[in-house]
Amino acid sequence: MTQPTPTVKVNINGEDFAVPQGARLIDAARDVAGVEIPHFCYHPHLSVAGNCRMCAVEIEGQRGLPISCNTTCDKDGMKVLTESDRVKAARKSVMEFLLVNHPIDCPICDQAGECKLQIYYMDHDLQPSRLEVDKVHYGKRIEIGPRVVLDQERCVECTRCIRFCDEVTHTSELRMVNRGDHNIISTFPGTSLDNDYSVNTADICPVGALTSADFRFQARAWFLKPNATVCPGCSKGCNVNVDYYDHMIVTDHNGKAYRLKPRVNEAVNKAWMCDAGRDEYKPINDDRVVAATVNGTERPADDAAIAARAALTKAGSAALIVTSLDATVEEMEALRRLGLDVFGAVRTVAVAVRPDGKADALLMRADKHPNRKGAEWVGVATDRKELAALLRGKQAVLVHRADLSTLDADGSVMAAFAAVPTRVVIAANTSPVTEKATHLLPAASFIEREGHWVNEDGRVQRMKRAYRARKGTREDLAFIAVLGGGRIPAEARTVFADLATVNPHFAGLTWESVGALGALPGVAEGVAV
Amino acid sequence: MTKIITKNWGVKDSHLLSVARANGVYSNLERVLKTPIAPKDVVEAVKKSGLRGRGGAGFPAGMKWSFVPQNTGKPIYLCVNADESEPGTNKDREILERDPHLMIEGALIAAWAIGCRTVFFYIRGEFDLPERRIRAAAEEAMKAGIVGDNVMGSGWSCDFIVHRGAGAYICGEETGLISSLEGGRGEPKIKPPFPAVKGAFGCPTVVNNVETLCAVPWIIEHGGEAYAKIGTEKSPGTKVISVSGRVKRPGNYEIPLGYGLKDLIDNECGGMQDGYRLKAVIPGGSSVPVMKPEQVATLKLDYESCQAHGTFLGSAGCIVVDHTQDMVKLLHVLARFYSHESCGQCTPCREGTGWAYRILTKIVQGRGTKKDIDTLRSLTQQMDGATICALASALVMPVQSFLKQFPEEFEAKVQETVPA
């Protein structure tokens, strides 16, 4: 048993709270007292810089207004005022200073709507400018790296980005140059902000100084809604928000995804994600399979599914079900049951569809599939090398979300696939496999359906639905249910509940217990995973 | 008057080791090491002397030394602050030019007292002759076995490393000095942790001004009590005052603390130059509030009297302003200096110093309005005390005091409203 963290008594705005000893006051105020102290430079995952001066508070017995980010709750009895007149005046003053040389170009700034300067101006400043002299001018639209654009005039010199590159990626590309109000963020001459995590600097930039080159001018932040889900890019399973426009704006597609941003999960990715993962929103919008076809003829999705079911049933046990390590555990389990319980003795295999990629000690993993562990737990994980042999001689094959043309250097898998007479393909994006399908069933992207992936550490994490599957498409489980003639549940929740009953790996888990931060099954009971 | 810091200044070639030794320099270090006088007794003597930091803050030196934890297992560093950059102050420069060995002796005694084996001598980038003098002195001392291995045959060793700054006022702030010494940008660090606990390279560190350390050998020789008898009760000892401006004999003068400012100007400096009348004095280096002649008449050069007059002794760079000077232009120069020297990390200082400078530019150019004066007054109030270090306040004090003492000069330069 770990010792419970000792607590100290801190009085915040007249109320006593027991806060963990040694906690930073700014964190304790937020986490324990529910008091948000405004700040720019402080970031809980970076060292304390203490330069923005926005988080100053009044502490009884202390001279001036100490900054709450550099104040630790060491002993009982600290009395803190976060909303006194002095504190409010200090915040207003800091806001005024920050805006002295800020261009205030909100209408053309990508950060508008999620900008701390805007938010705090409304909360703490709200006065007309007293500036009657020129502003200091600096560089605009600087491509400081391949994925990040810098506006030096909008910068508030908080140094979060510098500290990120120093302390998280240890690449130290960024530095402050010059002095005083001529301070600017810059790279060393001849270098650029090009590391595998560079866009995080845009995320943590409290203003519009660093913006994502990819997201720039694509969407207005206030129309975006966050969907708390998991990055499908690798086996790390970084917690992310997919920011999307919903059906109110994008009427024909039910919604559109614009970006992935890291979502804090201390056990997985802290507050970061890699740049490669950021591209994972693109397949949600692009190259989608949008129409069901049977032998090349467009058919209503349900009709195509029923036709596919008839064709698969006819093949009897001379069939194979192939899914990918991208599928959810619910889909894998539903397909496994479809093969065994409905078609009878038909094997389901989950195979890799992407080659191993770059890995590092931070977040990037070589295995670029989000659910290899889940496939192992469901019992369908199969070596890709066996695939050609397994396909040979089959009368029918159901391919779910697996582009068999990848990892197929000699073409043997595609040849074996093409030789199977009935080729039912459930896919969200077009590929050589969808082109060769006899029955093509258009499926949902990873933010149009729900289910679970299991990351490399055995953490079961929730893939959450942002909006209904785009017109013409169905959620994967809906197709599998039709293929199963009603004997397979169409709801991920039902399949997950069944899994928890029959599969010891998932024992004890419920849909509710997984939650937004995932769950390590068995850990609560003290069983090693 | 007792001379402690400047006692050898009149001797020819006083910067050379042979001359310095003839002047008695290093005899006190030798006594400390050979007797030996225990480090805690050295600290005790300095505490008794009441010696206060001569860099500007006036913090008791013995107390600063006693804060250093001796049991961390980490090396302890002494940084000598020779980044003298305050406009009006040039005492350390002359000390280093004339008696660098006294400085080294003081530093080594301090190092002995705090358990330090490496002294970093941080010298302002623009100091050319002083740097050559201190380097030559260190070299000579090393060859003579006074610095480095086995100091004066005592078995105790201490390195002395000269580090030249790159020309930044802010590196005279002790944590800014440490940042720069470590190879980083010259930016003051947030406190806590204080340098005594976590200073240069993460180790316990004491930062002392040149002049402070130069007083230490005398204290060893004559005892803390003798030093405490000089000057006033709360401001003991002597102080080197740099006097600049239109006086007959500007320069550095060592006086006992508590000496009258007017006496200094009239006697030592020979009074104002012919045809020039005293208009004001900035007594402690350009960052402290300005004094008018009637205040100058009663002001004593010690920490308490200055405070009672609403100003500070600071680093004691007395800038004498004569009647031909334009206070608005003078303040404009100061604002340019502080906005140029702001490291820029804290919001109020970074933006405020530049804003104040641009407002003063506007006023000097005749484009100012009454509103600009109000803005200048309130924006500097907002800057005061809101930052990591005191650089913001170093501009706030002159601005506030100039506006208060010479309002008519500012009002004469501005118009009611914005000119068409």
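In this text the structure is predicted, and so the values were computed from the model without any measurement.

Colleague: Sorry if this is basic, but what is going on with the overall build of chain A here?
Modeller: Along its length, chain A carries 16 helices and 21 strands. Overall, chain A is about 85 × 55 × 40 Å in size when its C-alpha atoms are taken along their principal axes. Scored against the burial criterion, the 529 residues of chain A give a buried share of 53%. Taking the intrachain contacts of chain A between residues at least 6 apart in sequence as the baseline, contacts between residues at least 24 apart amount to 65%.

Colleague: Would you mind going over the overall build of chain B with me for this structure?
Modeller: Within chain B one finds 18 helices and 10 strands. Taken along the three principal axes of its C-alpha coordinates, chain B extends 75 × 45 × 35 Å. Residue burial in chain B is summarised as follows: out of 420 residues, 57% are buried. Look at the contacts in chain B between residues 6 or more apart in sequence, and 71% of them connect residues 24 or more apart.

Colleague: Just checking my understanding: could you explain the pairing of strand β8 (residues 184-187) of chain A for this structure?
Modeller: Sheet faces and side chains relate simply in a regular strand, where the side chains alternate between the two faces. Residue and element names in this part refer to chain A. As defined by bridge partners, strand β7 (residues 174-177) adjoins β8 across 4 bridges and the pair is classed as antiparallel. In the strand pairing of β8, Val177 is matched with Ile184. Connecting β7 to the antiparallel partner β8 that follows it, the hairpin turn spans 6 residues, and Asn178 within it adopts a positive phi of roughly 70°.

Colleague: Would you explain helix α3 (residues 116-125) of chain A in this entry?
Modeller: Residues spaced three or four apart along an α-helix point in a common direction, a consequence of the helix completing one turn every 3.6 residues. All names here are of chain A. Among the residues making up α3, those that are buried are Lys116, Leu117, Tyr120 and Tyr121. Burial along α3 is one-sided: seen end-on, the buried residues are contained in an arc of 130°. Contacts from the buried residues of α3 go to α2 (85-100). Leu126 lies just past α3 and shows a positive phi near 55°.

Colleague: How do you make sense of the packing of helix α9 (residues 329-344) of chain A against helix α14 (residues 476-483) of chain A when you look at a structure like this?
Modeller: Any two packed helices are characterised by the angle at which their axes cross and by the distance between the axes. All names here are of chain A. Direction vectors running N to C along α9 and α14 enclose 10°, while the axes themselves pass 10 Å from each other. Our classification of the angle between α9 and α14 gives roughly parallel. For the pair formed by α9 and α14, the contact residues are Glu330, Glu331, Ala334, Leu335 and Leu338 on the first element and Asp476, Leu477, Ile480 and Leu483 on the second. For the contact of α9 with α14, the residue count by class is 6 nonpolar, no polar and 3 charged.

Colleague: What's the story with unusual backbone geometry in this structure? I'm lost.
Modeller: With the exception of glycine, the majority of residues adopt a negative phi angle, and the majority of peptide bonds are in the trans configuration. Of note, the amide linkage connecting B:Thr35 to B:Pro36 takes the cis form, showing an omega dihedral of -20°. With respect to the helices, strands and loops of the structure, B:Pro36 is situated in the loop between α2 (27-34) and α3 (39-49). At the junction of B:Pro192 and B:Pro193, the peptide bond is cis and its omega measures out at 0° in the coordinates. Relative to the helices and strands, B:Pro193 is located in the loop between α8 (174-181) and β4 (205-209). A positive phi is found at A:Asn295, a non-glycine position, where the angle reads about 50°. Structurally, A:Asn295 is set in the loop between β13 (292-294) and β14 (297-299). If you check the backbone angles, B:Asp13 has positive phi at about 55° while not being a glycine. Take B:Asp13: it is sitting in the segment before α1 (17-22). Owing to 9 C-beta atoms within 10 Å, B:Asp13 belongs among the exposed residues under this scheme.

Colleague: Explain the sheet that holds strand β3 (residues 58-59) of chain A here, please?
Modeller: Sheet strands pair by backbone hydrogen bonding; their relative direction is either parallel or antiparallel. All names here are of chain A. One open sheet accounts for 4 strands, arranged β2-β1-β4-β3; its pairing is mixed. Each edge of the open sheet is held by one strand with a lone partner, namely β2 (15-20) and β3. Direction of pairing for strand β1 (residues 7-12) relative to strand β4 (residues 78-81): parallel, over a ladder of 3 bridges. Residue pairing for β4: Val10 is matched across the bridge by Met78.

Colleague: Looking at this model, I keep getting lost on the interface of chain A and chain B. Mind explaining?
Modeller: Interfaces are frequently sized by the accessible area removed from exposure as the parts join. With 25 residues of chain A at the contact, the number on the chain B side is 27 residues. Sorting elements by how many residues they give to the side of chain A that touches chain B places α2(A) first, with 6 residues. When the residues that make up the side of chain A that touches chain B are grouped by side-chain class, the tally is 10 nonpolar, 8 polar and 7 charged.

Colleague: What is the right way to read the domain arrangement of chain B from this model?
Modeller: Residue and element names in this part refer to chain B. According to the domain assignment, chain B contains domain 1 (17-229), domain 2 (238-322) and domain 3 (327-413). The distance between the C-alpha centroids of domain 1 and domain 2 comes to 27 Å. Across the contact, 13 residues belong to domain 1 and 17 residues belong to domain 2. Of the residues in the side of domain 1 that touches domain 2, the class split is 1 nonpolar, 6 polar and 6 charged.

Colleague: Could you clarify how one ought to interpret the environment of A:Ala389 in this entry?
Modeller: Note that A:Ala389 resides in helix α11 (residues 387-391). Residues A:Ala389 and A:Val413, spaced 24 residues apart in sequence, show a C-alpha to C-alpha distance of 8.4 Å.

Colleague: Looking at this structure, I do not really get α3(B). What am I missing?
Modeller: Residues and elements named next belong to chain B. Turning to α3, its buried residues number three or more, namely Val42, Val43, Ala45, Val46 and Ser49. In an axial view of α3, the angular spread of the buried residues amounts to 160°, which keeps them on one side of the axis. Check the buried side of α3 and you find it contacts α2, α4 (61-66), α6 (100-114), α9 (210-222) and α10 (224-229).

Colleague: Looking at this structure, how should I read the packing of α2(B) against α6(B)?
Modeller: Residue and element names in this part refer to chain B. In contact at an axis separation of 9 Å, α2 and α6 are set at 20° when each is read in the N-to-C sense. Between α2 and α6, the interaxial angle falls into the category roughly parallel. In this structure, α2 crosses over α6, and the sense of that crossing is left-handed. Of α6, the residues touching α2 (which contributes Asn28, Leu29, Val32 and Leu33) are Glu105, Leu108, Ile109 and Trp112. Classifying every residue of the contact of α2 with α6 by side-chain character gives 6 nonpolar, 1 polar and 1 charged.

Colleague: Is there a simple way to explain the confidence of the model for chain B in this structure?
Modeller: Per-chain confidence: chain B averages 96 in pLDDT, with 99% of residues scoring 70 or above. The ipTM, which scores confidence in the relative placement of chains, is 0.94 for this predicted complex, and the corresponding pTM is 0.94.

Colleague: Please clarify how the sheet that holds strand β5 (residues 238-245) of chain B should be interpreted in this entry.
Modeller: Residues and elements named next belong to chain B. Reading across from one edge, β6-β5-β10-β8 is the order of the 4 strands in this open sheet, with mixed pairing throughout. Either end of the sheet is taken by a strand with one partner, and the two such strands are β6 (251-256) and β8 (278-282). Strand-to-strand twist across the sheet, computed as the mean angle between neighbouring axes with direction ignored, equals 30°. Judged from the 4 bridges that link them, β8 and strand β10 (residues 317-322) form a sheet pairing that is antiparallel. Paired with Val281 across the strands is Val320, a residue of β10. This element, helix α11 (residues 261-268), spans β5, β6, β8 and β10 of the sheet and lies at about 130° to β6.

Colleague: I keep staring at the environment of A:Arg24 and nothing clicks. Help me out?
Modeller: Residues and elements named next belong to chain A. By the element assignment, Arg24 lies in the loop between β2 and α1 (25-31). Classification of Arg24 as buried rests on a count of 21 C-beta atoms within 10 Å. The spacing of Arg24 and Arg263 is 239 residues in sequence and 22 Å in space, taken between C-alpha atoms. Here Arg24 is in contact with Cys69, Thr71 and Thr72, once residues within four sequence places are set aside.

Colleague: Teacher, can you tell me more about the nonpolar core here?
Modeller: Grouped burial of nonpolar side chains is what soluble globular proteins tend to show. In terms of nonpolar packing, the biggest core is built from 296 residues, with A:Leu441, B:Leu78 and B:Cys79 touching the most fellow members. Examining the composition of this core, we find that 11 residues originate from one element, α6(B), more than from any other. Not counting chain neighbours up to four residues away, the residues in contact with B:Leu78 comprise B:Ala107, B:Ala110, B:Ala111, B:Ile114, B:Cys116, B:Val119, B:Val206 and B:Asn208.

Colleague: Just checking my understanding: could you explain the environment of A:Val168 for this structure?
Modeller: All names here are of chain A. Looking at the element boundaries, Val168 is found in the loop between α4 (160-167) and β7. The class of Val168 is buried, set by 20 C-beta atoms lying within 10 Å. For the pair Val168 and Trp272, spaced 104 residues apart in sequence, the C-alpha separation works out to 9.2 Å.

Conventions adopted
Residues numbered from 1 in each chain as written. Chains lettered and ligands numbered in written order. Predicted model: local features only at pLDDT ≥ 70, side-chain atom pairs only at ≥ 80, totals over all residues. Helix = DSSP H or I, 4+ residues; strand = E, 2+ residues; numbered from the N terminus. Buried ≥ 20, exposed ≤ 12 C-beta atoms within 10 Å, placed from the backbone. Contact = placed C-beta atoms within 7 Å. Pairing = 2+ DSSP bridges. Arc of directions from axis to C-beta. Axes fitted to C-alpha atoms, helices over the stretch in contact; angles between N-to-C directions. Parallel < 35°, antiparallel > 145°, perpendicular 65-115°, else oblique. Nonpolar A, V, L, I, M, F, W, Y, C, P; charged D, E, K, R; others polar. Domains from an automatic or database assignment. Left-handed = near helix turned anticlockwise from the far one by under 90°. pLDDT = per-residue confidence, 0-100. Core = buried A, V, L, I, M, F, W, Y, C linked by C-beta atoms within 7 Å.

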